[in-house]
Amino acid sequence: MNNERTPAGRVRVIGYTWSPRGHEVRDFLARSRIPYLWIDYEHNEAARAEVAELGLGTRSLPLLRFSDGTDLVDPSDEELAEKVGLQTEPGAPFYDLIIVGGGPAGLAAAVYGASEGLRVVLIDREAPGGQAGMSEAIENYLGFPDGLRGSELAERSVRQATRFGAEIVVARDVVGLADDEPNRVVTLDDGSTLAAHAVLLALGVSWRMLEAPGCDRLIGRGVYYGGAAAAIPTCRERDVLMLGAGNSAGQAALYLARYAKSVTMVAPEAEFSDKMSEYLLGRIERTANIHLRPHSKVTDVSGDELLERVTVEDVDSGEQEVVETSTLFVYIGAAPRTEWLDGVLERDEHGFVLAGPDLEGRVEWPLERPRELLETSMPGVFVAGDVRSGSVKRVGAAVGEGSMAIQFIHNHLRS
Ligand SMILES: Cc1cc2nc3c(=O)[nH]c(=O)nc-3n(C[C@H](O)[C@H](O)[C@H](O)COP(=O)(O)OP(=O)(O)OC[C@H]3O[C@@H](n4cnc5c(N)ncnc54)[C@H](O)[C@@H]3O)c2cc1C
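In this numbering scheme, every chain counts its residues from 1 along its sequence in written order. Reporting in this predicted model follows two pLDDT cut-offs: at least 70 for local features of residues, and 80 or more for side-chain atom pairs to be given and counted; totals over whole chains, interfaces and linings ignore these cut-offs and use all residues. With hydrogens and water stripped out, all remaining heavy atoms of the structure feed into the side-chain values.

1. Thoughts on the domain arrangement of the chain
Definition in use: Domain extents, as shown, originate in an automatic or database domain assignment. Computed with a 1.4 Å rolling probe, the buried area is the accessible surface lost when two parts are put together, summed over both parts. The salt bridge definition used is simple: a Lys or Arg side-chain nitrogen within 4 Å of an Asp or Glu carboxyl oxygen. Polar contact criterion, stated in full: a pair of N or O atoms within 3.5 Å, where within protein one must be able to donate a hydrogen and the other to accept it, and residues adjacent in sequence count only if both atoms are side-chain atoms. Elements are defined by DSSP. Helices are runs of H or I of four residues or more, strands are runs of E of two residues or more, and each kind is numbered from the N terminus.
For the chain, the assigned domains read domain 1 (11-83), domain 2 (94-205 + 336-414) and domain 3 (216-330). A straight line from the C-alpha centre of domain 1 to that of domain 2 covers 33 Å. Contact between domain 1 and domain 2 buries roughly 850 Å² in total, counting both sides, with carbon and sulfur atoms accounting for 54%. Counting the surface domain 1 buries against domain 2, the share from its top three residues, Arg 31, Arg 33 and Glu 78, is 73%. Counting across the domain 1 and domain 2 interface gives zero salt bridges. The tally of links from domain 1 across to domain 2 stands at zero residue pairs in polar contact (both at pLDDT 80 or more). Looking at the side of domain 1 that touches domain 2, the elements that each hand over two or more residues are helix 1 (20-31) and helix 3 (77-83).

Encoded structure:
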């Protein structure tokens, strides 16, 4: 949605710059393309007075104040989504197609499915956009020679899908899938169910967590996974550490370097070129305030309330250096979150969902028609994008698979 305002008017968010929930709320608004004004409670006397006037303690932050005079106090994603006009409940009990996941694969399927007359609902646990929504500049997507912000791609795709009649449901987790012949049934996080002729799983992947002592406690308090845009207030004029050598880390570093004093990229690889595309590495090397620290890993993270120090170790010599920093971004790859499909669908040893020819000889196929290319071990359930075993982890590939899946779903519906 391209709102200048929400249905309740403009929104101001009052909170602690370092609070994890404050960070999540800003990220949700940014990814939903809802403009907001961020007010740092600690450094704004008027904001402190407003909070006191409402009789709220600091534990109630973040406070969201809308220009129609209404407030939200430390809302859940679901409450926030409802308030800013996003749909959080499916409008019907039955659809032709349920799409789980609103990244590029799911959004492409929603556009093609709805435009070809299918009754489609897309459900995402967060705001639509997926990993691509976190990208500050997608530079290799066909037709955008000057790059495209991931959030802009998401916003345009949501508009396109809804224009064709797809429903987009946000802030809802899908936690179960079952075969109730002739229907497929998904279970939502509140236990309610939703049925369809077909289901498309476009679940993508989630960040791999840094396993260094002290790290978990400081997530959102100086340690961040993805979502560089929402963390800008915390890294302005500061020295930032970035762990990772892939393209996502590279893009985030370039973006953050516009605001931070310096960005140091730390990675165990001998050369950043082992993982990063040449064009990106070239731009990074030409950016004066980005420094590269190969052969290195983070072994310890510490700080009282907030991140204060990170221990960086040379992987060859074992020599350690304690670096003073208040901001560490972690971009060390991603893994699928498909545990909820245990015993339901065939997956590979890493949890990626198997489909089409990869299932040959593994499970019996009960139908007369052949299994479609993106069809999983459950007939009528399809998979597209990063969560598919063997997929190419790119926006273009995810969009391609999401679009292709619709053709296979038509074949399934015909049979
Ligand atoms: C920072 C960053 C920068 C990148 N830059 C580029 C680039 O420049 N070019 C490029 O080609 N690729 C880039 N990539 C990779 C690209 O973004 C991914 O390959 C692409 O987004 C995969 O799309 P997807 O739809 O398969 O999954 P995702 O984008 O991961 O979307 C999956 C969605 O499913 C939702 N979901 C998962 N499980 C559930 C559930 N159980 N219930 C409800 N919802 C669920 C998630 O919330 C998520 O929104 C980048 C990735 C990152 C992280």
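2. Points about the sheet that holds strand 13 (residues 239-243)
The criterion, for reference: The pairing criterion for strands is at least two bridges between them, as found by DSSP. Orientation is described by axes fitted as lines to C-alpha atoms, over the contacting stretch for helices, and by angles from 0 to 180 degrees between their N-to-C directions.
Taken in spatial order, the five strands of this open sheet run 12-19-13-14-15, and their pairing is parallel. Unpaired on one side and paired on the other, strand 12 (223-225) and strand 15 (290-293) mark the two borders of the sheet. Sheet twist, expressed as the mean angle between neighbouring strand axes with direction ignored, is 20°. Bridge analysis of strand 12 against strand 19 (residues 327-330) gives three bridges, and the strand direction is parallel. Paired with Tyr 225 across the bridge in strand 19 is Val 330.

3. Overview of the packing of aromatic side chains
This is how the line gets drawn: We call Phe, Tyr and Trp rings a pair once their centres come within 6.5 Å, taking the six-membered ring for Trp, and we label the pair stacked below 30 degrees between planes, edge-to-face above 60, and tilted otherwise. Throughout this description, buried means an accessible area under 20% of the type-specific maximum (1.4 Å probe, protein chains only), exposed means over 50%, and partly exposed covers the range between. Here, over-ring charges are defined by two tests on the NZ atom of lysine or the CZ atom of arginine: distance to the ring centre within 6 Å, and angle to the ring normal within 35 degrees.
Under the definition given, this model contains five aromatic pairs. Where Trp 207 meets Tyr 331, the ring centres are 5.0 Å apart and the plane angle is 80°; that geometry is what we call edge-to-face. Of the two residues, Trp 207 is situated in strand 11 (residues 206-207) and Tyr 331 in the loop between strand 19 and strand 20 (334-335); the sequence distance between them amounts to 124 residues. Under the relative-accessibility criterion, Trp 207 is labelled partly exposed at 23%. When its relative accessible area of 8% is taken as the criterion, Tyr 331 is described as buried. Consider the rings of Tyr 224 and Phe 329, whose centres lie 5.5 Å apart with planes at 35°: the pair is tilted. Of the two residues, Tyr 224 sits in strand 12 while Phe 329 sits in strand 19, which places them 105 residues apart along the sequence. Looking at Tyr 224, the relative accessible area reads 1%, which means it is buried. The class for Phe 329 is buried, based on a relative accessible area of 0%. Here Arg 163 stacks its cationic end above the ring of Phe 164, 5.1 Å away from the centre of that ring.

4. Things to note about the site of the ligand
Stated formally: Neighbouring residues are identified by heavy atoms, a residue being near a molecule or strand if any of them is within 4 Å of it. All accessible areas in this document rest on Shrake-Rupley with a 1.4 Å probe, and a residue is counted as covered only by the protein chains that are shown. Polar here means any residue other than Ala, Val, Leu, Ile, Met, Phe, Trp, Tyr, Cys and Pro, which are nonpolar, and Asp, Glu, Lys and Arg, which are charged; Gly is therefore polar.
Near the ligand lie 34 residues; those nearest to it are Asp 124, Gln 131, Asn 140, Gln 251 and Asp 386. Residue Ala 105 places a main-chain N or O atom 2.9 Å away from an oxygen atom belonging to the ligand. Here a nitrogen atom of the ligand and a side-chain polar atom of Asn 140 are 2.8 Å apart. For the ligand, the accessible surface in isolation is 1,000 Å², of which the surrounding protein chains cover 95%. Mapped by element, the contributors of at least two residues to the shell around the ligand are helix 4 (104-115), helix 7 (247-256) and helix 9 (395-414). A per-class count over the shell around the ligand returns 16 nonpolar, eleven polar and seven charged.

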